[in-house]
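# Analysis of the macromolecular model
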Amino acid sequence: MKLESTLTCPNCGHQVTEAMPIDACQFFYDCKGCGERFKPLTGDCCVFCSYGSVPCPPTQNNLRCCLPKGH
């Protein structure tokens, strides 16, 4: 399992490698380049699944992460 992912800001394209939480979703992220706060795309559980080079650990393990039941 990979525990780091490179996030790419959808607004300015700034990239930064961050450690991912193992047992929680990171729903918001503030870009260190432009300051924009972004959130996951519809259907994704966290910013790492939407904008990261590697999906979050629960998704890597084929778990539902933090999505509500039924998704």
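Please read these numbers as outputs of a predicted model, since none were measured by experiment.

### Re the side chain of S5
Mapped onto the elements of the fold, S5 is located in strand 1 (residues 4–8). For S5, the side chain forms a polar contact with the main-chain nitrogen of S53, separated by 3.1 Å. A distance of 2.9 Å separates a polar side-chain atom of S5 from the backbone oxygen of V54. Once residues lying within four places of it in the same chain are set aside, the contact partners of S5 are V16, T17, E18, M20, F48, G52, S53 and V54.

### Focus: the packing of aromatic side chains
Using the criterion set out here, one finds 3 aromatic pairs in the structure. Consider the rings of Y29 and F38, whose centres lie 5.6 Å apart with planes at 55 degrees: the pair is tilted. The exposure classification of Y29 matches that of F38, with both residues buried. An angle of 80 degrees between the planes, with centres 4.9 Å apart, marks the rings of F38 and Y51 as edge-to-face. Here the residue F38 occupies a position in strand 4 (residues 37–38), and Y51 occupies one in helix 1 (residues 47–51), the gap between them amounting to 13 residues. Aromatic rings pair up to connect Y29, F38 and Y51 into one cluster. Just above the ring of F28 sits the side chain of R37; from NZ or CZ to the centre is 5.3 Å.

Each value, and the rule that gives it
- Residues numbered from 1 in each chain as written.
- Predicted model: local features only at pLDDT ≥ 70, side-chain atom pairs only at ≥ 80, totals over all residues.
- Heavy atoms only, no water.
- Helix = DSSP H or I, 4+ residues; strand = E, 2+ residues; numbered from the N terminus.
- Polar contact = N/O pair within 3.5 Å; in protein donor to acceptor, adjacent residues only side chain to side chain.
- Contact = heavy atoms within 4.5 Å.
- Phe/Tyr/Trp six-rings, centres within 6.5 Å; stacked < 30°, edge-to-face > 60°.
- Buried < 20%, exposed > 50% of the residue type's maximum accessible area, 1.4 Å probe, protein only.
- Lys NZ or Arg CZ within 6 Å of the ring centre and 35° of its normal.

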